[in-house]
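Residue strings, one per chain:
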Amino acid sequence: MAVLPAPLQDLVDAFARLPGIGPKTASRLAFFLLRAPDEISSSLAEALLGLKRDTITCPQCFNITVAGRTLCEICDNPQRDAASLCVVEEPMDVLVLEATGGFNGRYHVLHGVLSPIEGIGPDDLKIRPLLERVRGGAIREVLLATNPSMEGDATALYLKQQMASMNVRITRLARGLPVGSDLEYADQSTLLRALAGRQEMN
Ligand SMILES: [Zn+2]
């Protein structure tokens with residue numbers, strides 16, 4: 001069996017570690033880059049290096065932002081409603097909710113969900129800073145927009161219990177999102193309806 005030269009094999013292996021990319025696609029991408037103009041691979045390499053080097057997580061909401069900023073653009077924007085806070089699992093979720101244009105408050109990114117099976121507890125997520133933010137008093141509504149999955153629902157329930165004694169309205173995205181799915185795969189109009197129809201969580 002023919003073996004690929006090491007530099008090519010290394011790139012195939014690196015691509016194959018990415019989500020959604022199988023060995024065939026990994027080989028196709030690597031061979032494409034080998035034949036493509038230098039500019040394509042060097043701009044890809046530069047973008048990959050810049051990805052970690054030039055980004056930070058916002059110290060208030062834990063969304064991803066450009067290195068050098070004190071707060072992310074959303075936290076820093078005085079036009080956004082400081083009384084309304086939307087709690088999501090991942091930075092990707094901020095992106096999809098922003099794309100709907102249906103929410104004008106601020107966000108809090110948990111960076112995961114509670115999962116006893118995978119050993120992920122409250123201290124592994126950005127839950128403590130969330131509770132501190134809410135305790136701060138300026139927030140009147142907390143919209144729990146974790147995914148409509150078992151872990152997403154369990155995390156929302158846990159957060160609701162933690163905030164029970166705080167003086168905030170706690171809402172959940174309306175049903176209608178496919179159960180067990182990720183927000184990032186929901187289409188915009190469904191998501192917009194889920195936002196507009198958000199309900200008191202009980
Ligand atoms: Zn922020």
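Nothing here was measured: the structure is a model prediction, and the numbers come from that model. (Residues numbered from 1 in each chain as written. Predicted model: local features only at pLDDT ≥ 70, side-chain atom pairs only at ≥ 80, totals over all residues. Heavy atoms only, no water.)

**Student:** Looking at this structure, how should I read the overall build of the protein chain?
**Tutor:** Along its length, the protein chain carries seven helices and seven strands. Beginning at the N terminus, the succession of helices and strands in the protein chain can be written as α-α-α-β-β-β-α-β-α-β-α-β-α-β. Across its three principal directions, the C-alpha atoms of the protein chain cover 65 × 35 × 35 Å. For the protein chain, buried positions account for 39% of its 202 residues. (Helix = DSSP H or I, 4+ residues; strand = E, 2+ residues; numbered from the N terminus. Buried < 20%, exposed > 50% of the residue type's maximum accessible area, 1.4 Å probe, protein only.)

**Student:** Is there a simple way to think about the packing of helix 4 (residues 91–100) against helix 7 (residues 188–196) in this case?
**Tutor:** A pair of packed helices is characterised by two quantities: the angle between their axes and the separation of those axes. Closest axis-to-axis distance for the helix 4/helix 7 pair is 9 Å, and the angle between their directions is 85°. On the basis of the axis angle, helix 4 is roughly perpendicular to helix 7. Along the contact surface, helix 4 presents Val96, Leu97, Ala99 and Thr100, while helix 7 presents Gln188, Leu191, Leu192 and Leu195. Taken together, the residues that form the contact of helix 4 with helix 7 break down as six nonpolar, two polar and no charged. (Axes fitted to C-alpha atoms, helices over the stretch in contact; angles between N-to-C directions. Parallel < 35°, antiparallel > 145°, perpendicular 65-115°, else oblique. Contact = heavy atoms within 4.5 Å. Nonpolar A, V, L, I, M, F, W, Y, C, P; charged D, E, K, R; others polar.)

**Student:** Hey, could you run me through the sheet that holds strand 3 (residues 84–88) in this one?
**Tutor:** Within a sheet, neighbouring strands are paired by backbone hydrogen bonds and run either parallel or antiparallel to one another. Ordered in space as 4-3-5-6-7, the five strands form an open sheet in which the pairing is mixed. Two strands lie at the open edges of the sheet, namely strand 4 (106–109) and strand 7 (199–200), each paired on one side alone. The pairing of strand 3 with strand 4 spans four bridges and is parallel. When the bridges of strand 4 are listed, Val87 appears paired with His108. Together, strand 3, strand 5 (141–144) and strand 6 (169–172) form the strand contacts of helix 6 (residues 150–162), whose direction differs from that of strand 6 by roughly 175°. (Pairing = 2+ DSSP bridges.)

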